[in-house]
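This is what each chain is made of:
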Amino acid sequence: MARLLDKQWEVIQKKTFTKWVNSHLMKRGLTAEEITADFKDGLKLIAFFEILSNKKLSAKIEKNPRMKIQMIQNLGAALAFLHDVCGVKLIGISAEEIHDGNLKLILGMIWTIICKFQIDDISEEELSARDALLLWCRRKTEGYRDCKVDNFHTSWQDGMAFCAIIHKHRPDLIDYDSLDKNNARQNLQLAFDVASKELGIPSLLDVEDLVDIAKPDERSIITYVSQYYHYFAANRKQEVAGRRIGRLVDFSQTTEQMKSDYANRASDLVQWIDNKNTEFRDPSLPSTLDGIQQAINDLVSTYRNDEKPPKAAEKLALEALFSNINLKLKSNGREPFTAAAGTSPANIQQKWEDLGQAERDREDALRKEFERQKKLDALKRRFENAANKLEQWISAKDKYLKTEEQVDSLSKAKERIKFHEGFYDEYESSRSRVKELKAIADEISSLGASDADAIQERVSRIETNWTGLHGSAEEKKENLKKKLEIQERMEALRIDFAKQAKLYSRWAGDTIDDLNEHIFGNTLAEVQQYKTTLDSDSAAKQQESATKREVLQQLWNQIQEMGITDLKYTVLTMKDIENRDTQINDAVTRRGQAYDEELKRQLEMEERRKAWAAKAQSFVDHLATRRSKIQELQGEPAPLIESIHEAYGEGASEGALLNELNASSAEMREMGINDNAHTDLTIPILNNRNARFGNWVKNYIQSLKDEQELKDQYSERVAKLLAWIDATIPSLEARAFDNTLEGAQSQSSEFHQYKAGSKAEVAAQKPEIERIYKTISSLLKKNARPEFEPAAGTSLEDIDVRWTQLEEQEKLKEEALNAELERQEKLAILVRRFNSDAEDLSSWVNAKATYLAQLEEIGTLFRAQFSVKQLEGYEQEHRGRQPRLNQLSQLAEEIRSLNYKDQEALDVKFTALKASFDALSAAADAKKRHLTSALEIQQRNENLRIEFAHEAKEFMSWFKETAERINDYNFGFSLEAVAQYAEQLEQSDKEIKSQLDGRVEQLERVAKEMKDNSITDNSHTNITMETIHGSQEQLRNELVKRRNEYERELSKQHHFEEVRKEFATEANTFVEHLGQQRQALESYAGEPAGRVEHINSVHQEGAGATVHLEKVTTTNQVMKSEGIYGNTHTSHTLPSLVSRNNQHNNYVNSLIAADSEEREMQERIRNQEELLAKAEAREALVVEFSGKARALNIWMEQADEQISEDIGESVAEAEKASQQFDTLTSQQSQQHQELKSLENMAENMKSQGISDFSGITIEELNERWNQSEAALSARRKQIDDELARQKENDQHCRQFADKAVSLDNWLKSQTSQLNSQTGDLESQLKSIQGQRAGVSQGHKMVAELEAEDTTLQKRGIQRNPHTDLTSRALKTQVEEFDKALEKQESALNAEIITKKNADVTPEQLNEFKEVYNHFDKDGDSRLNKLELKACLAALGDDIADSELDRVYAELDPEGQGINFERFTAYMQKRNRDNDSAEEILGSFKSIANDKDFVTEEDLRRVMPNDKVEFLVKAMPKYQELGYDYQAWVKQQYQ
């Protein structure tokens, strides 16, 4: 790789250097196509040296050299001229090497010449020259996008550096912004073309020299780049001229920008001041309190804190900017700046002061209006509160007076009359509130409120409504008296109706209880016999109810005529009586319906039994049909299994039918059906039969899977066998021979290997396929399945046919091989020699002797069969070798006939070989006996394996079927059936045990024989005797388990029978208990009070019946949970017993209710009389309490109104609020005495049971008093705290104002000093620096002011009456003042530096410093001569050596090196370009090539685009030829 790179650089260098050489030779019309050849005679080399040195070779040369010696002499003269005249020292190259075309040495020579004539003039040493050139490139490309020059190889590959250097000096030639560093080829080609065509720089490089190599050749690039350096160094004078004009452009742009900036900002500030002045002097003010408050906030907070401070800062900034402009103009000898009319700092200051006065005037107007609006707002709130309360009171009283009183009792009539008398007292007490409201309205009008007329109109409306209440009160009084008379007449009718209704209700209750007893019998026959008794009893009860109802209807009609709606002495109405009568009729109807339903239920139950029996039998038939249909399904196992799954559907249909039967069975149990004479089938029996059917399906599917597995094995093995035969026959049919003995022998060997190897292996598979076929046939026969029909072409007969075909082809193949081998061997006799054949046969004999001697262990039938087949292959091979032995014998005889000298040795060798060959037969016989014996053993073992596998599978199949049969624990579902099953169980156990032992013994026999024959594996099954014995033990356990399950079932059936008997006994006991209790209840004949007590003592809330019923329920739940169905010991069911108990309880409750109603009516009459007397006395107390409570509540409301008023925002307002509060607290003690009096009255009323206080309660009064008292206490503290807070706030406001005024005065003083600077630049700078040192005082004052402002903010002070100055505004002004000082100081420093370095720009100074430091290699801050030249070269100065000596002697007379100050002074002197008008004109003249106008193209060659754009826009046109630079310069210096 390194050599390849060297070769690439060598090619590139050769091409570059050749171009460079030609760039000089072309001056004499010469060219060098191939430097190694063209320099050979020395003539072009001499011309090249003369052109470079600009001198003539004086030595004699051969101008037409033909001989090598002549050429070498010319070359020697050339090298001497180069050394002696040109001063170039070459090392390691001679004339002979140039003549011989040593390319590396020739390139080295040219590089040395390039360094001398093109690069060393940049510096005296190559490294220094390279660094100088690199620094020059870096300086010229600095700042260009995607351009970083770090070296002379990879930094130039994308072409951006070449384009940047051209653009730096001639921006008109290349659009650098359009370049893309990813387009390297385009960039390079562009740079090379522009340099060649526009600058005359020859293209020493090609694009491929840079982009097609990882690291371009550094020397080639240095050679090419140095041409750029020399070209642009020659244009330095115009660059200097361009920089001089550029400084003038910079100055003009800067000053114009500063003036424009000042003008725009000053205009904006003046506009803002004028707009604010106009805004503040607008006399209009907001008409609402919120509007005034918002206007004040906008002024004090938003304007002073947010809007004004930036403007104040802008004012200071403008003053500083104005000063900076004039400073810059003055320092450059220009006229001072005059601002536009009205925008000078003095004008702005005057406007600012006017704005401050307008601001203060506006605040005073807003504050006065705020006080007026605040007072009006308070009065309006008082008026609104008082008017609303009075209007609400009038509205409530008007509503009360106009409301029709609902008087529904005598006591209510008297109560409402007494309550109405209290209204007149309340009416008189409200008169003062009307007068107070009028007074507030008058005061609002006096303050000139805009809505005063509306308020007066509202007062008038309230007075009118208040006066109208008195007339309404008189009308209500008369109406209440009339209602009292009506209530007295209605009371008598209520009592009479209550007595009659009570008697009827009791009779009706007894009758309904009788009718609600729906016990018609427990059997269908009993229910049918009850019909006659039912009809006669119903008719008698309906007639008696109609007679009693008619008497009550007459009394009810009178009550309705009087409008009586409340029957205080009874809860019964005529509707209740009618309902009772209807209930009797309904009860008769219900009893008839209940009878019909019971009859229907008995009939339905019988039908349900029949239907369930039919469904159960249908399910049994369904299972049989399903099994039959599944057995009818035919096909191969896989689709047949799918069909069975689809047909069986995971037993979904059976599950659905069983769910229906279960649901139907549950419904029957809920109906009380526990037996069924129409069938012996039950749910457990059906579940058992379904499970057996499911197991049969699963076993059948498993059998089919076994069948499919065997068929798959058969198909797979047959397919492999047939595929092998199909693949093998074509190879056997092939008869192509290569007509060589070796080929024939090779094929013969391969054939015998095939028969002993792959053929033997495949042949062993045939018996296994036959065994699988027999197993399949046996399984199909067992399951009554169709005979096995293998796929077409895969039957055993087909296999035999194909096998016969294979063997026929083998025979033909073998015959062909033998014939070919015989033919080849005959031919070989003539071309081969005995030893070769003998050696080959001997090798074969030895290998076979080893094979035959190995009597390997035979562990499997397959291995035995394979070994036998392998031996048969050997025998065939042995027979095939016999002719070769015979041929050897013939060959030996033929050799003997030729008198072979070593005949005796040959005979010995043949004799030994023949003996070894013959010995193979005996060894083969021995191996055959061994293998035959092993085959017999393995065949026997395999038969044992197959037998065991067959017996084991049969056993496991029998085991599964038997286990399922044993797990069928269906012993019967009654005690009788289970007992009878014992004999059948015993017989089953014996049969299974006998079969189990017989099958296991047979397997053990086979297993023992296998063990005796050391058989430990069995590929035909994974079942072992451990599995068999485990299954045997499992089956024995299942038998024991079944026996235990039978015993449990027998015990369970005995238990079920006992539970049935227990249920029957408990049901009969419950029925007897109800009968005895009813007999005891009906035998009582005493008073109602005693009757209820007797009923309760006998019935005891049904506790006795509940105990009996709970026992029955518990036993029934046991039967249900244990699955006990049917009960021959009783006809009672739980639902019928629950119904009997409910009817009995209803009967008892009716008895109690009738007696309770009678006692209740008597008690009501007594209570009503007592209540009427008490009501009149209590009403008087309520009225008195209500009046006094209202008066106290009014005082508390007025007190709340007063203490809710604002305290104020000043010390004076807070003191006034304190005086008003003292007056209010003086009234508090008198009102408290009134509250105590009301508490005593309330206590008395509560003791009498009065809870309705007809208005406010004593609790509400106390709560209101506590609230008012707390509010007064809080108000006292609030006023005192607020007064103290206002005094502290005022003190803080004064402190803030003092500090703000001090800071404001300091700012004014400092600003005035800043704006009045005089003297030279240094004096002004010293003054500014002094002020900057003092700014810390201003910042300290700001910090103190901000601390005071923070205190005001924390105390919530929004307005300071002592000043309108804000900390934010003053802080902004101090910060802006500090910035102005900093800017002024920077400007002065810049001007001073500019004056000190008038001949160079700051950029040039930075450039000088960078170059100086770069070439000060030893870091001693001194430059030697070489370093000085490198610096000048890097800065673009191409200085001659003689000039360099003079300059160095001038700058370093002491010989210690040149320091930076002297270097800078020299560069200033060298670049001196004073910016006078004459110098500027001279610079333009230089750029314009002495024309009186300059073109845009002239400018773009030496100046940046931005400055050219400025000049093109600023300079006037010159007769359409260019631009008039003289006119523009004149304008700049006026």
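Residues numbered from 1 in each chain as written. Predicted model: local features only at pLDDT ≥ 70, side-chain atom pairs only at ≥ 80, totals over all residues. Heavy atoms only, no water.

Explain the overall build of the protein chain here, please?
Along its length, the protein chain carries 49 helices and two strands. Over its C-alpha trace the protein chain gives a radius of gyration of 68 Å, far above what one expects of a compact globule, namely 36 Å for 1534 residues. If one aligns the C-alpha atoms of the protein chain with their principal axes, the spans along those axes are about 180 × 155 × 55 Å. Burial status across the protein chain gives 44% buried among its 1534 residues. For the protein chain, the accessible surface area stands at approximately 79,000 Å², while carbon and sulfur atoms represent 49% of it. (Helix = DSSP H or I, 4+ residues; strand = E, 2+ residues; numbered from the N terminus. Rg over C-alpha atoms; globule rule 2.2 N^0.38 Å. Buried < 20%, exposed > 50% of the residue type's maximum accessible area, 1.4 Å probe, protein only. Areas by Shrake-Rupley, 256 points an atom, 1.4 Å probe, with all protein chains shown as cover.)

Explain the packing of helix α14 (residues 345-402) against helix α16 (residues 431-446) here, please?
If you want to describe how two helices pack, look at the angle between their axes and the distance between the axes. Where α14 meets α16, the axes come as close as 10 Å, and the angle between the chain directions of the two elements is 150 degrees. Classified by the angle between their axes, α14 and α16 sit roughly antiparallel to one another. Handedness of the crossing formed by α14 with α16: left-handed. Listed contacts from α16 to K375, L376, L379, K380, R382, F383, A386, A387, K389, L390 and W393 of α14 are R433, V434, E436, L437, I440, A441, E443 and I444. Tallied by class, the residues present in the contact of α14 with α16 amount to twelve nonpolar, no polar and seven charged. (Axes fitted to C-alpha atoms, helices over the stretch in contact; angles between N-to-C directions. Parallel < 35°, antiparallel > 145°, perpendicular 65-115°, else oblique. Left-handed = near helix turned anticlockwise from the far one by under 90°. Contact = heavy atoms within 4.5 Å. Nonpolar A, V, L, I, M, F, W, Y, C, P; charged D, E, K, R; others polar.)

When you look at the nonpolar core in this model, what are you seeing that I'm missing?
Here is a general trend for soluble globular proteins: nonpolar side chains tend to be buried in one another's company. Ranked by size, the top nonpolar core spans 100 residues in total, and within it I110, W156, F162, Y228 and F1463 carry the most contacts. By residue number, the principal contributor to this core is helix α6 (residues 103-119), which donates ten residues. Setting aside chain neighbours within four positions, we find F1463 in contact with F1408, Y1412, L1423, L1428, C1431, L1435 and I1458. Counting 30 residues, the second largest nonpolar core, distinct from the first, contains A266, V270, L321 and I325. (Core = buried A, V, L, I, M, F, W, Y, C linked by side-chain atoms within 4.5 Å.)

Mind showing me how you'd approach helix α22 (residues 637-648) here?
Helical geometry: 3.6 residues make up each α-helical turn, so side chains three or four residues apart lie on a common side. In this model, α22 (twelve residues) spans 15 Å end to end at C-alpha, consistent with the 16 Å of a helix rising 1.5 Å per residue. Where α22 is buried, its residues touch α21 (574-632), α23 (652-670) and α24 (683-733). (Expected span 1.5 Å × (residues − 1).)

How should the packing of aromatic side chains be read in this particular structure?
Aromatic ring pairs are reported here in terms of the distance separating the ring centres and the angle at which the planes meet. Applying the stated rule across the entire model yields 25 aromatic pairs. With centroids separated by 5.8 Å and ring planes inclined at 90 degrees, the aromatic side chains of W20 and F48 adopt a geometry described as edge-to-face. Here the residue W20 occupies a position in helix α1 (residues 2-25), and F48 occupies one in helix α3 (residues 43-53), the gap between them amounting to 28 residues. Grouping residues by exposure puts W20 and F48 together as buried. Where F955 meets W958, the ring centres are 6.0 Å apart and the plane angle is 40 degrees; that geometry is what we call tilted. With F955 and W958 both in helix α31 (residues 903-966), this residue pair falls three residues apart, about one helical turn. Assigned by exposure class, F955 and W958 land together as buried. (Phe/Tyr/Trp six-rings, centres within 6.5 Å; stacked < 30°, edge-to-face > 60°.)

How do you make sense of the pattern of salt bridges when you look at a structure like this?
Once the charged atoms of two side chains with opposite charge are near each other, the side chains can pair. According to the stated counting rule, one finds 54 salt bridges in the structure shown. Between E314 and R265 there is a salt bridge, and its shortest N-O distance comes to 2.8 Å. Of this pair, E314 sits in helix α13 (residues 289-331) while R265 sits in helix α12 (residues 236-280), placing them 49 residues apart in sequence. For R591, the salt bridge identified is with D537, shortest N-O distance 2.9 Å. Within this pair, whereas R591 is found in helix α21, its partner D537 is found in helix α20 (residues 531-562), the two being separated by 54 residues in sequence. On the basis of relative accessibility, which here comes to 26%, the residue D537 falls in the partly exposed class. One connected set of salt bridges, linked through shared partners, spans K15, K19, D206 and D209. (Salt bridge = Lys/Arg side-chain N within 4 Å of Asp/Glu carboxyl O.)

Any chance you could explain the environment of A838 here in plain terms?
By secondary structure assignment, the location of A838 is in helix α29 (residues 834-853). Under the relative-accessibility criterion, A838 is labelled buried at 2%. For the pair A838 and K315, spaced 523 residues apart in the sequence, the C-alpha separation amounts to 127 Å. In this structure A838 touches L888, K909 and L913, once residues within four positions along its chain are discounted.

Even after reading the chapter, I still don't get the side chain of T343, so can you show me in this structure?
Along the chain, T343 falls in the loop between α13 and α14. Beyond its immediate sequence surroundings of up to four residues, T343 is in contact with Y262, A266, V270 and I348.

Can you help me understand the environment of N264 in this one?
Mapped onto the elements of the fold, N264 is located in helix α12. A residue is classified by how much of its surface remains accessible, and N264, at 46% relative accessible area, is partly exposed. A sequence separation of 610 residues divides N264 from Y874, and the C-alpha atoms of the two residues are 119 Å apart.

How should the environment of E808 be read in this particular structure?
On the secondary structure map, E808 appears in helix α28 (residues 796-831). Distance in space between the C-alpha atoms of E808 and I729 is 9.7 Å, their sequence separation being 79 residues.

Would you explain unusual backbone geometry in this entry?
Across the chain, the bulk of peptide bonds are trans and the bulk of non-glycine residues have phi less than zero. Phi is positive for N54, close to 60 degrees, though the residue is something other than glycine. Here the phi dihedral of E650 falls at roughly 55 degrees; this positive angle occurs in a residue that is not glycine. Looking at E650, the relative accessible area reads 63%, which means it is exposed.

What's the story with the packing of α24 against helix α27 (residues 765-782) in this structure? I'm lost.
Relative to each other, α24 and α27 sit at 155 degrees, their axes nearing to 10 Å. By the angle class used here, α24 and α27 are roughly antiparallel. Considering the relative orientation of α24 and α27, their crossing is left-handed. Touching S703, D706, E707, L710, K711, Q713, Y714, R717, V718 and L721 of α24 are Q765, K766, E768, I769, I772, Y773, T775, I776, L779 and L780, all from α27. Of the residues belonging to the contact of α24 with α27, the class tally is ten nonpolar, four polar and six charged.

Distances and angles like these do not, on their own, reveal function.
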